[in-house]
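# Structure assessment
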Amino acid sequence: MRSIFHLAFNVSDLDQARAFYGGLLGCREGRSTASWVDFDFFGHQISLHLGEPFATANTGHVGDKRVPMPHLGVILELPDWQALADKLQAADVEFVLPPQLRFAGQPGEQWTMFLLDPFGNPIEIKGFRSLETVYTS
């Protein structure tokens, strides 16, 4: 089965959303109206609607870190993750958790970074050497 994940959430300004998701993250813009815009979020569809962004809190526990919940995320192969991490660092993005290695040498070894969009929506971007190991336990 082949599928594409879809998530719709609120933002307070579509032009800022276009600059962040399209400009900074490099997501291709899809359809839009005066009240929403779609993006190809690394192969998945996000729909950003004008409205009040959801509340988040650092209640997630991953290893020894607390992470914002709920959050949107994507898993990339390591070279793509590194290229994006380099791009975000060069743009002086403020990270919730800066790019780092997690679970080194263990099943599920991954690189991760957390950032917020301009509306406070948390985004986690993970990197794996192989996407085949994402569910390895």
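Everything that follows concerns the structure shown earlier in this document.
### Observations concerning the environment of Gly23
Along the polypeptide, Gly23 turns up in helix 1 (residues 14–24). Separated by 14 residues in sequence, Gly23 and Val37 place their C-alpha atoms 14 Å apart. If we skip the residues at most four places from it in the chain, Gly23 touches Arg18 and Lys87.

### A word on the pattern of salt bridges
Counted by the stated rule, this structure contains 6 salt bridges. Salt-bridge contacts for Arg18 lead to Asp15; the nearest nitrogen and oxygen are separated by 3.9 Å. With a gap of 3 residues between them, Arg18 and Asp15 both fall in helix 1, about one helical turn apart. Among the residues examined, Arg18 registers a relative accessible area of 25% and is labelled partly exposed. Connected via shared salt-bridge partners are Asp15, Arg18 and Glu29.

### Thoughts on the packing of aromatic side chains
Scanning all chains against the criterion turns up 5 aromatic pairs. Ring plane angle 65° and centroid distance 6.5 Å describe the contact between Phe9 and Phe54, whose orientation is recorded as edge-to-face. In this pair, Phe9 is assigned in strand 1 (residues 6–11) and Phe54 in the loop between strand 4 (44–50) and strand 5 (57–62), connecting sequence segments 45 residues apart. Following the ring pairs from residue to residue traces out a cluster consisting of Phe9, Phe20, Tyr21, Phe39 and Phe54.

### Side note on helix 2 (residues 78–90)
Its 13 residues give helix 2 an end-to-end C-alpha distance of 18 Å, which sits within 8% of 18 Å, the value for a rise of 1.5 Å per residue. Leu78, Trp81, Leu84, Ala85 and Leu88 are the residues of helix 2 that are buried. Along the axis of helix 2, the buried positions cluster into a sector of 125°, meaning they face one direction only. In helix 2, those exposed residues whose orientation departs by more than 90 degrees from the buried face are Pro79 and Ala90. At its buried positions, helix 2 is contacted by helix 1, strand 7 (72–77), strand 8 (95–102), strand 9 (110–116) and strand 10 (122–128). Positive backbone phi, at 55°, marks Asp92, one or two positions downstream of helix 2.

### What about the nonpolar core?
Counting residues in hydrophobic clusters, the biggest one holds 30 residues, and the most contacted among them are Tyr21, Leu25, Phe41, Leu48, Leu88 and Ile125. At the level of elements, strand 1, helix 1, strand 3 (36–41), strand 4, strand 7, helix 2, strand 9 and strand 10 are the ones that each hand at least two residues to this core. Leave out the neighbours within four places in its chain, and Leu25 touches Phe20, Phe41, Phe42, Leu84, Lys87, Leu88 and Ile123.

How each quantity is defined
Residues numbered from 1 in each chain as written. Predicted model: local features only at pLDDT ≥ 70, side-chain atom pairs only at ≥ 80, totals over all residues. Heavy atoms only, no water. Helix = DSSP H or I, 4+ residues; strand = E, 2+ residues; numbered from the N terminus. Contact = heavy atoms within 4.5 Å. Salt bridge = Lys/Arg side-chain N within 4 Å of Asp/Glu carboxyl O. Buried < 20%, exposed > 50% of the residue type's maximum accessible area, 1.4 Å probe, protein only. Phe/Tyr/Trp six-rings, centres within 6.5 Å; stacked < 30°, edge-to-face > 60°. Expected span 1.5 Å × (residues − 1). Arc of directions from axis to C-beta. Core = buried A, V, L, I, M, F, W, Y, C linked by side-chain atoms within 4.5 Å.

These figures capture arrangement, not role.
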